[in-house]
Amino acid sequence: MAKERMKKDIIIIGAGMAGLTAALYAGRMNLSVLVLENGLVGGQIANATGIENYPGLARVAGGDLIATVQQQAESFGAVVDEFDEIERVDLTQSPKIVETGEHIYETDVVIIATGMQRRKLPLPEAAKYENRGVHYCELCDGHSYDGKIIAVMGGGNAAVDAANFLTKYAKKLYLIHRSELRADVVSQKKLYANPKVKVLLETEVKALAGDGRIESVHLLDKSSGKEYDLAVDGIFVNIGVVPNTKLFAGQVNMNEAGRIIAGEDCRTNVPGVFAAGDVRTKEIRQLTTAAADGTTAALLAEKYINLLREQ
Amino acid sequence: MVKVYSIHQCPWCTKAKKYLESKGVAYEEHNIEENEADRIACEKLSGDTMVPVITVNDKDFVLGFDKEKIDALIA
């Protein structure tokens, strides 16, 4: 069956905070807006159990916050499609092309807001244990470890927040990190105050072991040089993130880490292509800065469209 | 009848349910956090307690959100 061709003013790729904020602003400017999401609406925030640093909200679950932003965007006419997966983009021609499983879209503007995804555990045996003891979603899989021994890998906010959440299931929880914790002080205090928790710093996970499922991890204590096995039932990996930019390779300038090069105006090197949120080169990546990027990208996208149509 | 085994606050469970709704497929939701019998049934079916699990006849199932596999299951 031939794919349906459709025209949109703006296509936003990625339905995290940056993408949905851009959709909200663009929708309010009466532009036709489509948001495409190949993964989870909300992106990394969909897995956040409790957000306490978004101004105006004392504490909110990531899924609840993003659902509200989605409803806001949709109330102003933006359409969010999380099932029609993007197969390719062509940003080099005008109009730009975004081809999905069911449609070929033409659009004046593309806002790339694809965010980041968790870095996979870089051990050769990790893949065979995925969902058999190795996990990347605490909200989805944490309940399976009720009364069991859990390890969390990582030392940033995401890792410590994950560990704090998982203590509700674990009989014992180890937080394992190769250096010092980088998480904010509030989250660290909560973690250290929990008697179920043992924090193993300067410690690396060298190998996983188990018959079909993980039964233990082999650790290296870098400060003493001692290696030992630790019995665990499951390990949740939070060792950083990588940008979701493969779809745009060769079409827009990126840095060595794969982030799209764009300044505070979110403009890339390709006219009419903007990068917003965690996917672009910047120093601070927070929910608030993602929302700011979405705002900037949408407002400058409208200016670009107006100039284009005046020509 | 299509059954979806799920838990609260599970983003992939939410996506799976929304996908079934977008296809006009009616389903029964079974929350394995709330109901021990459902938890046992889910584990018996898939061999695990990972969710979402979608089944049409309590025999064939899809674990996780996999659009192609779900399409084949509900065809």
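Because the structure is predicted, anything quoted here is derived from the model rather than measured.

Here the focus is the packing of helix H1 (residues 17–28) of chain A against helix H2 (residues 62–75) of chain A. All names here are of chain A. Here H1 crosses H2 at 25 degrees, and the two axes come no closer than 8 Å. The orientation of H1 with respect to H2, classified from their angle, is roughly parallel. Read as a crossing pair, H1 and H2 show a hand that is left-handed. Every residue of H2 that contacts H1 at Met17, Leu20, Thr21, Ala23, Leu24 and Gly27 is listed here: Ile66, Val69, Gln70, Gln72 and Ala73. Considered class by class, the residues forming the contact of H1 with H2 number seven nonpolar, four polar and no charged.

On the chain A side, the residues contacting the 13 residues of chain B number 14 residues. Here the element with the most residues in the side of chain B that touches chain A is helix H1 (residues 11–22) of chain B; it accounts for five residues. Classifying every residue of the side of chain B that touches chain A gives seven nonpolar, three polar and three charged.

Right, let's talk about the packing of helix H4 (residues 157–166) of chain A against helix H5 (residues 185–192) of chain A for a bit. All names here are of chain A. Where H4 contacts H5, the two axes come as close as 9 Å, and the packing angle between them is 35 degrees. In the packing of H4 onto H5, the handedness of the crossing is left-handed. Contact residues: H4 offers Asn157, Val160, Asp161, Ala163 and Asn164, while H5 offers Ser187, Gln188, Lys190 and Leu191.

This part is about the sheet that holds strand E4 (residues 61–63) of chain B. Residue and element names in this part refer to chain B. Taken in spatial order, the four strands make up an open sheet running E2-E1-E3-E4, and their pairing is mixed. A single partner strand is all that each edge strand has here, and the edge strands are strand E2 (27–31) and E4. Neighbour-to-neighbour, the strand axes of the sheet open up by a mean angle of 15 degrees, direction not taken into account. When strand E3 (residues 53–55) meets E4, the two strands line up antiparallel, connected through three bridges. Within the sheet, the bridge partner assigned to Thr55 lies in E4 and is Phe61. Lying over the sheet, helix H2 (residues 36–46) contacts strand E1 (2–6), E2, E3 and E4, oriented at roughly 80 degrees with respect to E3. Where helix H3 (residues 67–74) meets the sheet, its contacts fall on E1, E3 and E4, and the angle it forms with E4 comes to roughly 165 degrees.

The predicted coordinates ought not to be read in detail in places where the model reports low pLDDT. All names here are of chain B. In the predicted model, chain B carries a mean pLDDT of 93, and 100% of its residues have values of at least 70. Confidence scores differ between elements of chain B, with H2 showing the lowest mean pLDDT of 93 and E3 the highest of 97. Note on the complex model: pTM 0.90, ipTM 0.89.

Here the focus is the pairing of E2 of chain B. One face of the sheet, then the other: side chains in a regular strand alternate in exactly this way. All names here are of chain B. Bridge analysis of E1 against E2 gives five bridges, and the strand direction is parallel. Looking at E2, one finds that Ser6 is bridged to Asn31. This β-α-β element, E1 to H1 to E2, shows right-handed connectivity.

Definitions and cut-offs
Residues numbered from 1 in each chain as written. Chains lettered and ligands numbered in written order. Predicted model: local features only at pLDDT ≥ 70, side-chain atom pairs only at ≥ 80, totals over all residues. Axes fitted to C-alpha atoms, helices over the stretch in contact; angles between N-to-C directions. Helix = DSSP H or I, 4+ residues; strand = E, 2+ residues; numbered from the N terminus. Parallel < 35°, antiparallel > 145°, perpendicular 65-115°, else oblique. Left-handed = near helix turned anticlockwise from the far one by under 90°. Contact = placed C-beta atoms within 7 Å. Nonpolar A, V, L, I, M, F, W, Y, C, P; charged D, E, K, R; others polar. Pairing = 2+ DSSP bridges. pLDDT = per-residue confidence, 0-100. Right-handed = clockwise from strand over helix to strand, strands pointing away.

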